[in-house]
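# Structure at a glance
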Amino acid sequence: MELSMLKITSDFSMTINGESVRTQSTLPVQNPANKSVFAEVPDCGRELFEEAVKGARAAFTKWRRVPWEQRQAAVLALGNALEQHAEEFIELLTREQGKPRAGAEWEIFGSAAWLKGIAAQRLEDELVFEDEQRKVITRYTPIGVVGAIVPWNFPLLLAVWKIAPALVAGCTVIVKPSPYTPLCDLKFVELAKQFLPPGVLSCVTGGDDLGRWMTASPDIDKIAFTGSTETGRHVMRSAADTIKRVTLELGGNDPAIVLPDVDPKEVAPKLFWAAFQNNAQFCNAAKRLYIHESVYDEVKTALVEFITDNVVVGDGAQPQTTLGPIQNKMQFDKVKEYFADCKSNGYEFLVGGEIDDAADGWFVPVTLVDNPPESSRIVQEEPFGPILPLLKWSDEDDVIARANDTIFGLGASVWGADTDALQRIAEQLEAGTVWLNEVHMYSPNQAFGGHKQSGLGCENSLHGLAEYTNWQTITLRKS
Ligand code: NAD
């Protein structure tokens, strides 16, 4: 297929065993900035799903034997092709997800960079022992068929984080996007057809049932899942019946701790983006901002000023927009509950606070809540929308204990000038990634995953790649 023949903004069909597949029944896809239905995607039934699994199984027997270098080359070519089509994917991503151009560029170019970065990775055989009589090696064999289940906040990037290492490791993959954001994933897998044999990478769209069929299927060997902790629990339970491997990237309630020696005006924009990137629909958004009491008022004022002067909430397709809408009605209604809860408890809003239900899209104003109690819902739960509690602290041990007092352990950040203090605090935080004076820096070579109920296993790095393999030890007696 010629690259130029790919029509990215229309004709959404599934790719199953290398074939374009449509169904009579379809699911609507809405643009969250105006709630209009602008695309329909196939609603994959049980029979088609089983066909996809059968095809992935058959393809696995061959793909696992394709030399590592060739698999790497295919993933690299896919990264280049995505880059070539970046502009169309960026536009499509904004339409289906709502994020403004800068965020869409980050995600699409990031996805291409990930494909290329992971294409450079390889797991070598390990020589464990050798003498004249015996040799022992541990090698990595591909796990089999992978079901990749993806959420709606970073629909392409989080699919690529699963697809790239799975393919490089020699697995075959069936991707199931979120029903809210299936379009970029469908088009990406269509694009991949020209680089991969049929069945190596398929994409099926439909409702949550598809995810349940995947986790229960005896012919799928591993589930790579990103989504909420609640759904992660279902995935793990269901995977238990067939002892499936699982990688779970789940929810977070990341603390950001601001030390007394920050420059409030300098740090405020960084804290803003730490909390509100992707309109706070971000597993790693800073969701609790602990500010030392000596700078609380100054940081608070600088944040309010920054938001008032710079932030425009609106349609992501408009160039002036800083933050787009909430991606879907279900999440919009959930976010509204946090506003209502804050109001009914009398917590003070420093900025924002009023949602216009009559707006064209699911828009929510950026909202800061002034020092609510530690036990409040807005502190304890993951709102996954642009409402952030600012909290005061005075004692270091106490703020570390508050930061850790959660079932989550995904990320955390600490901000300040004293590098000893930064390091000391970082080492006591219970989180998979701790950023110091920066945030949301990821790399294909940096392990990413959650502690506690934020997940199981990791993505990215050779550790993440190894999760698509079984290790196998081979021992040889030479004489
Ligand atoms: P979700 O759990 O509702 O859905 C995620 C995916 O699971 C979707 O594709 C959905 O269709 C599917 N699904 C739903 N029920 C299922 C079931 N019973 N079995 C199998 N699959 C099922 O999550 P969401 O609302 O799409 O995403 C938001 C959540 O994802 C937040 O909690 C956020 O923190 C988390 N998240 C985590 C990371 C991370 O890397 N840790 C990254 C992004 C988002």
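Our subject is the structure that appears above.
Right, let's walk through the structure included here. The structure presented is a predicted model; accordingly, all values stated were derived computationally and were not measured. (Residues numbered from 1 in each chain as written. Predicted model: local features only at pLDDT ≥ 70, side-chain atom pairs only at ≥ 80, totals over all residues. Heavy atoms only, no water.)

On to the overall build of the protein. In terms of helices and strands, the protein carries 15 helices and 20 strands. The globule rule puts the C-alpha radius of gyration for 479 residues at 23 Å, and the 23 Å found for the protein is close to it. Per element, the accessible surface of the protein, about 19200 Å² overall, is 50% carbon and sulfur. Distance between charge centres in the protein, computed from 44 positive and 65 negative side chains, equals 8 Å. (Helix = DSSP H or I, 4+ residues; strand = E, 2+ residues; numbered from the N terminus. Rg over C-alpha atoms; globule rule 2.2 N^0.38 Å. Areas by Shrake-Rupley, 256 points an atom, 1.4 Å probe, with all protein chains shown as cover. Lys, Arg positive; Asp, Glu negative; His and termini not counted. Charge placed at Lys NZ, Arg CZ, Asp CG, Glu CD.)

Read across the open sheet, the three strands follow the order E5-E6-E20; overall the sheet is antiparallel. Both edges of this open sheet fall to strand E5 (126-130) and strand E20 (469-477), since each of them pairs with a single strand only. Adjacent strand axes in the sheet meet at a mean angle of 20° when their direction is disregarded. Pairing geometry for strand E6 (residues 134-142) and E20, over nine bridges, is antiparallel. Opposite Arg 134, over in E20, you have Arg 477 as the bridge partner. (Pairing = 2+ DSSP bridges. Axes fitted to C-alpha atoms, helices over the stretch in contact; angles between N-to-C directions.)

Let us now look at the state of the cysteines. All told, the structure shown has zero disulfides when counted by the stated rule. In this structure Cys 184 is not part of a disulfide, and its nearest cysteine sulfur, from Cys 203, lies 11 Å away. With no disulfide of its own, Cys 203 lies 9.6 Å from the sulfur of Cys 44, the closest cysteine sulfur. With relative accessibility at 0%, the residue Cys 203 sits in the buried group. (Disulfide = S-S within 2.5 Å. Buried < 20%, exposed > 50% of the residue type's maximum accessible area, 1.4 Å probe, protein only.)

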